[in-house]
Amino acid sequence: ILIQLPFNSPDKAYEMVKEFGDKPCVAGFHVSSVRYNRIHDNAYMKIYSLIEEMGHPIALHSGFNPNDQFMSRGDPFIVMHAFGFTLFNVLHLCNWVMNGMNERFPKLNMVWTESGLAWVPWVAQRMDNDYRMRSSECPALRKLPSEYIKDMYYTTQPMEMPNDLSFLESTFKCINAETQLLFGSDYPHWDMELPSVIYDLPFLYEKAKRNILGENARKVYNIDVTERYPDYQPMA
């Protein structure tokens, strides 16, 4: 299971990590992205440090706040969903990368969930471009922002399916999807996905499909499958 952390109360979140982090049923921690706190605030550093020490990942689940003055201008609902659902994860990922959090917590796996994938190449290109001009503002970085983006993890749902699959192939390349993308169905929501959305992609090899559909998640969340599948071996 993933433990939902109350990030609006950093001290309580830290206590929850201490209390539940070593339980055998706990695979990681989960945080709602719909918040205005800076993800790199010093109040969270002890939380990240402890989770990293425990070897667990953190999943940031995107969403939107319909009462936000900016978000509320989306009309009809499809505008808010298509546009607004990505924005909190966009903001937090940018803050995470540009403030050197990947360097500060190199063994802490970040999983960006339920915000789709199409925004990632846009953010990667924008941050690389600005970083080349204003790198003095990001002294902790040792490589381009887009390279840190490839070190983190993402979930498929809702994976945008363009008419031209070359766009999606470029997105997969941007995030190193073979090793960094986790399948998520989001069943039974209206925008759920079936495993076939991955398995039917013509540009993926069999190993990449198997990784995305299960093996990547098994690794990130350190899931022991030997009891159900005694003969399980990762695909070579």
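In the block above lies the structure referred to throughout.
Since this is a predicted model, take the numbers as computed values, not measurements.

1. Quick look at the layout of surface pockets
- Counted as a void, the largest pocket has a volume near 360 Å³.
- Along its surface, the largest pocket is lined by 18 residues, and Thr113, Thr155, Phe183, Gly184 and Ser185 are the ones closest to its centre.
- Sorting the residues of the lining of the largest pocket by element identifies strand 3 (58–61) and helix 10 (206–220) as the ones contributing at least two each.
- Top element by residues in the lining of the largest pocket is helix 10. It accounts for four residues.

2. Observations regarding the side chain of His30
- Here His30 is to be found in strand 2 (residues 28–32).
- His30 has contacts with Leu2, Ile3, Gln4, Leu5, Ala59 and His61, leaving out every residue within four places of it along the chain.

3. A short note on the pairing of strand 4 (residues 110–113)
- Burial along strand 4 is two-sided: the residues Met110 and Trp112 and Val111 and Thr113 are all buried.
- Where strand 3 lies against strand 4, four bridges are found, and the strand directions are parallel. Bridge pairing links His61 to Thr113 in strand 4.
- Where strand 4 and strand 5 (residues 153–155) come together, two bridges link them in parallel fashion. Its bridge partner being in strand 5, Val111 is matched across the sheet by Tyr153.

4. Some points on the sheet that holds strand 6 (residues 181–182)
- Pairing in this open sheet of six strands is parallel, and the strands run 1-2-3-4-5-6 from one edge to the other. Each edge of the open sheet is held by one strand with a lone partner, namely strand 1 (2–4) and strand 6.
- Sitting on the sheet, helix 3 (residues 77–98) touches strand 3, strand 4 and strand 5, and the angle it makes with strand 4 is about 160 degrees.

5. Some thoughts on the nonpolar core
- Judged by nonpolar contacts, the single largest core of 53 residues is most densely connected at Leu5, Tyr48, Leu93, Trp96, Trp112, Tyr154 and Phe172.
- For Leu5, the residues in contact, after removing those within four places along its chain, are Ala13, Met16, Val17, Phe29, His30, Val31, Ile47 and Ile51.
- Membership of the second largest hydrophobic core comes to seven residues, among which are Ala27, Ala59, Val111 and Val220.

6. Quick word on the state of the cysteines
- Summed over all chains, the structure comprises zero disulfides.
- For Cys174, which is in no disulfide, the shortest distance to another cysteine sulfur is to Cys94 and amounts to 12 Å.

7. What to know about the packing of aromatic side chains
- This model, assessed by the stated rule, comprises 10 aromatic pairs.
- Ring geometry for Tyr48 against Phe105: centres 5.7 Å apart, planes inclined by 70 degrees, an arrangement best described as edge-to-face. Placement of Tyr48 in helix 2 (residues 45–54) and of Phe105 in the loop between helix 4 (101–104) and strand 4 is noted, with a sequence separation of 57 residues between them.
- For Lys143, the ring lying beneath its charged end belongs to Tyr148, and the centroid distance is 5.0 Å.
- The positively charged end of Lys209 is found above the aromatic ring belonging to Tyr199, 4.8 Å away from the centroid.

8. A short note on the packing of helix 1 (residues 10–20) against helix 2
- The N-to-C vectors of helix 1 and helix 2 enclose an angle of 15 degrees; their axes lie 9 Å apart at closest approach. On the basis of the axis angle, helix 1 is roughly parallel to helix 2. Read as a crossing pair, helix 1 and helix 2 show a hand that is left-handed. Counted together, Pro10, Asp11, Ala13, Tyr14, Val17 and Lys18 of helix 1 and Lys46, Ile47, Leu50, Ile51 and Met54 of helix 2 form the full contact between these two elements.
- Classifying every residue of the contact of helix 1 with helix 2 gives eight nonpolar, no polar and three charged.

9. Let's talk about the packing of helix 3 against helix 5 (residues 119–134)
- Where helix 3 contacts helix 5, the two axes come as close as 11 Å, and the packing angle between them is 35 degrees. The way helix 3 lies across helix 5 gives a crossing that is right-handed. Judged by residue contacts, Thr86, Asn89, Val90, Leu93, Cys94, Val97 and Met98 of helix 3 engage Trp119, Trp122, Val123, Met127 and Tyr131 from helix 5.

10. A look at the pairing of strand 3
- Of the strand pairs in this sheet, strand 2 and strand 3 are connected by four bridges, and their pairing is parallel. Note that in strand 3 the partner of His30 across the bridge is Ala59.
- Crossover handedness for the path strand 2 to helix 2 to strand 3: right-handed.

The rules behind each value
Residues numbered from 1 in each chain as written. Predicted model: local features only at pLDDT ≥ 70, side-chain atom pairs only at ≥ 80, totals over all residues. Heavy atoms only, no water. 1 Å grid on protein atoms, 1.4 Å probe; cavity = no way out; pocket = protein on both sides within 12 Å on 5 of 7 lines; lining within 4 Å. Points joined across faces, edges and corners; volume = space filled by probe spheres on them. Helix = DSSP H or I, 4+ residues; strand = E, 2+ residues; numbered from the N terminus. Contact = heavy atoms within 4.5 Å. Buried < 20%, exposed > 50% of the residue type's maximum accessible area, 1.4 Å probe, protein only. Pairing = 2+ DSSP bridges. Axes fitted to C-alpha atoms, helices over the stretch in contact; angles between N-to-C directions. Core = buried A, V, L, I, M, F, W, Y, C linked by side-chain atoms within 4.5 Å. Disulfide = S-S within 2.5 Å. Phe/Tyr/Trp six-rings, centres within 6.5 Å; stacked < 30°, edge-to-face > 60°. Lys NZ or Arg CZ within 6 Å of the ring centre and 35° of its normal. Parallel < 35°, antiparallel > 145°, perpendicular 65-115°, else oblique. Left-handed = near helix turned anticlockwise from the far one by under 90°. Nonpolar A, V, L, I, M, F, W, Y, C, P; charged D, E, K, R; others polar. Right-handed = clockwise from strand over helix to strand, strands pointing away.

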